[in-house]
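Summary of structural features
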Amino acid sequence: MVDEVAKDLMTQISTPASHSRNKLTVVGNGQVGMACAFACLSQKVADEIVLIDSFQDKVQGETLDLQQGVAFSPSVKVLGGSDYSLTKDSKVCIITAGARQQVGESRLDLMTKNVQIFQKIIPEIVKYSPDVIILVVTNPVDILSYITWKLSGLPHHRVIGAGTNLDTARFKQLVSAKFGINIQLVNMWVLGEHGDSSVPVYSSLRVGDVSLVGCKKSDCGEFKQWEEVYEAVRISAYEIIKLKGYTSWAIGLSCSDICKSIFHNTNNAHALSTLAKGLYGIADEVYISLPCIVGQNGITHVINLPLTESEKSALHDSASKLYNLQQELHV
């Protein structure tokens, strides 16, 4: 009956495309995964969004919920399930799936569990979307981005970690709020590990074209002690987790912004976890966050920031820490 009505409404002259050219898959439909999906849907980043999760009821419920909101965000198709064939021909896949750290569990134990999860996920993604760009969000994001690169067989510029993109945004937000200025005027980078050894590049801190490093107290007020600002950035996730149990919205918006650079080929700059060997004097095969230019082919360039000696040393220490953790995993 529906087909007969459709014939009255329109005359088909060719076969509709079987998939979207701007297709996004989100693997893992927990708080973070759904924040990513919702941000990408509401900002019309992709034409089609596929939700994948091993919990059938969960993924079906989330899919129905988003589908019923599509009327407010036209031209976006939403599908969901546990079958990876649904992900076929995805341009980008965001991975948020993973285990949570349990009480008394070491970081190495957590990493080992998540590596086992990724060993099941990554081959399925690449099987159905060999040209995909993978954006890893699951923590520890730098280690798991490296693991994803190894498991996928993809070129490293198409395996990206969300890295310190959010840390950088948090720093900018604090500067913006304290000075009462538009956040778009604030330039700053946080690089290295997405974690306790992240590196705030104070020498890159600018408002407009004005450097704030070394300015007088009368000009900077409380921002003379930049370490205090960085400490607020470093503990902000812990504070949010303490208050609401998890972080979600900011990382969802961060991932949506990264995806926008890919789908829309904007060639914007982001602090992303990427293969750092041969860059910034780093000799080890390790993923850490560096300032990257991103477009439809993934990471196209890494910006060579003029770091101070102390910043360069801290970045090398961060890379060494992550490399040593990788060695413990024996992968």
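In this text, all values refer to a predicted model and were calculated from it rather than measured experimentally. Residue positions are given per chain, counted from 1 along the sequence in the order it is written. For this predicted model, a pLDDT threshold of at least 70 governs which residues receive local features, and a threshold of 80 or more governs which side-chain atom pairs are given and counted, while totals over whole chains, interfaces and linings are taken from all residues. As a rule here, side-chain values come from all non-hydrogen atoms in the structure, and water together with hydrogens is ignored.

Some words on the overall build of the protein chain
By the criteria applied, helices consist of DSSP H or I runs no shorter than four residues and strands consist of E runs no shorter than two, each listed in order from the N terminus. Within the protein chain, the secondary structure is distributed over 10 helices and 12 strands. Burial classes follow relative accessibility: with a 1.4 Å probe on protein chains only, a residue under 20% of its type's maximum area counts as buried, one over 50% as exposed, and anything between as partly exposed. Counting only residues that meet the buried cut, the protein chain has 47% of its 331 residues in that class. Partitioning the intrachain contacts of the protein chain with sequence separation of at least 6 by distance along the chain shows that 69% fall at a separation of at least 24. Using the Shrake-Rupley algorithm and a 1.4 Å probe, accessible areas are obtained, with residue cover drawn only from the displayed protein chains. Within the structure as shown, the protein chain displays about 16,500 Å² of accessible surface, and the carbon and sulfur contribution to it stands at 53%. Contact between two residues is taken to exist if any of their heavy atoms lie within 4.5 Å; hydrogens are not considered.

As for the packing of aromatic side chains
Paired rings are identified among Phe, Tyr and Trp, the last through its six-membered ring, by centres lying within 6.5 Å, and are further divided according to the angle between planes into stacked (under 30 degrees), edge-to-face (over 60) and tilted (the rest). Applying the stated criterion to the full structure yields 4 aromatic pairs. Aromatic side chains Trp149 and Tyr287 sit 6.2 Å apart centroid to centroid with 40° between the ring planes, which places their arrangement in the tilted category. With Trp149 in helix α5 (residues 141-152) and Tyr287 in strand β11 (residues 287-295), this pair connects stretches of sequence that are 138 residues apart. Residue class for Trp149 comes out buried when judged on its relative accessible area of 15%. Under the relative-accessibility criterion, Tyr287 is labelled buried at 0%. Through successive ring pairs, a cluster of aromatic residues spans Tyr146, Trp149 and Tyr287.

Some thoughts on the UniProt feature "binding site: NAD(+)" (unreviewed entry) in the protein chain
UniProt positions are given in the numbering used here, feature names are shortened, and annotations may be inferred rather than shown by experiment. Per the UniProt record, "binding site: NAD(+)" (unreviewed entry) is found at Gly28, Asn29, Gly30, Gln31, Val32, Gly33, Asp53, Asn114, Val137, Thr138 and Asn139. In this fold, Asn29 is placed in the loop between β1 (23-27) and α2 (31-42). Residue Asp53 is classed as buried on the basis of its relative accessible area of 11%. With near-sequence residues (within four places) excluded, Asp53 lies in contact with Gly28, Asn29, Gly30, Val59, Gly81 and Ser82.

Remarks on the confidence of the model for the protein chain
A score from 0 to 100, pLDDT tells how confident the predictor is in each residue. Looking at the protein chain, pLDDT values average 89 and 87% of them are 70 or higher. This stretch, residues 216-223, has a pLDDT under 50; its non-local contacts, to residues over four places away or in other chains, come to 10 contacts.

Looking at the nonpolar core
Definition used in this section: a nonpolar core is a set of buried Ala, Val, Leu, Ile, Met, Phe, Trp, Tyr and Cys residues joined via side-chain atoms within 4.5 Å. Of all hydrophobic cores here, the largest spans 45 residues; its most connected members are Val27, Ile95, Ile121, Ile125, Ile282, Ile288 and Leu315. Sort the elements by how many residues they give to this core and helix α4 (residues 107-128) lands first, with 7 residues. Mapping this core onto the domain boundaries places at least three of its residues in each of domain 1 (19-161) and domain 2 (164-329). Sequence-distant contacts of Val27, that is, excluding residues within four places in its chain, are made with Ile52, Tyr84, Cys93, Ile94, Ile95, Thr96, Ala97, Ile121 and Ile125. In terms of nonpolar packing, the next biggest core, distinct from the first, is built from 34 residues, Leu51, Ile94, Ile160 and Leu272 among them. Here the bounds of each domain stem from an automatic or database domain assignment.

Some remarks on the pairing of strand β8 (residues 199-207)
Any two strands with at least two DSSP bridges between them are considered paired. Examined bridge by bridge, strand β7 (residues 186-191) and β8 share 5 bridges and lie antiparallel to one another. Within the sheet, the bridge partner assigned to Trp189 lies in β8 and is Val201. The pairing of β8 with strand β9 (residues 210-211) spans 2 bridges and is antiparallel. Each residue of the ladder has a partner; that of Val207, found in β9, is Val210. Where β8 folds back onto β9 in an antiparallel hairpin, the turn is made up of 2 residues, including Gly208, whose phi is positive at roughly 65°.

Quick word on the sheet that holds β8
Across the sheet, which stays open at both edges, the 3 strands sit in the order β7-β8-β9 with antiparallel pairing between neighbours. Edge positions in the sheet fall to β7 and β9, since each of these pairs with one other strand and no more. The axes are straight lines fitted to the C-alpha atoms, using for helices just the contacting stretch, and the angles between their N-to-C directions are given from 0 to 180°. Helix-sheet contacts for helix α6 (residues 165-179) involve β7 and β8, and the interaxial angle to β7 is about 145°.

Focus on α2
To estimate the expected span of a helix, count its residues, drop one, and scale the result by 1.5 Å. Across its 12 residues, α2 extends 16 Å between first and last C-alpha, which sits within 8% of the 16 Å expected from 1.5 Å per residue. The inward-facing, buried residues of α2 contact β1, β2 (48-52), α3 (56-67), β3 (77-81), β4 (92-95) and α9 (249-263). Lys44 occupies a position one or two residues after α2 and carries a positive phi of about 55°.

Structural notes on unusual backbone geometry
Omega for the bond connecting Asn139 with Pro140 falls within 30 degrees of zero, at -5°, which places this linkage in the cis form. Following the sequence through the fold, Pro140 ends up in the loop between β5 (133-136) and α5. The backbone of Asn265 sits at a positive phi, close to 50°, despite the residue not being glycine. Along the chain, Asn265 turns up in the loop between α9 and β10 (268-275). Among the residues examined, Asn265 registers a relative accessible area of 32% and is labelled partly exposed. Notably, Asn267 is not glycine yet its phi reads approximately 55°, a positive angle. Within the element layout of this structure, Asn267 appears in the loop between α9 and β10. Looking at Asn267, the relative accessible area reads 40%, which means it is partly exposed.

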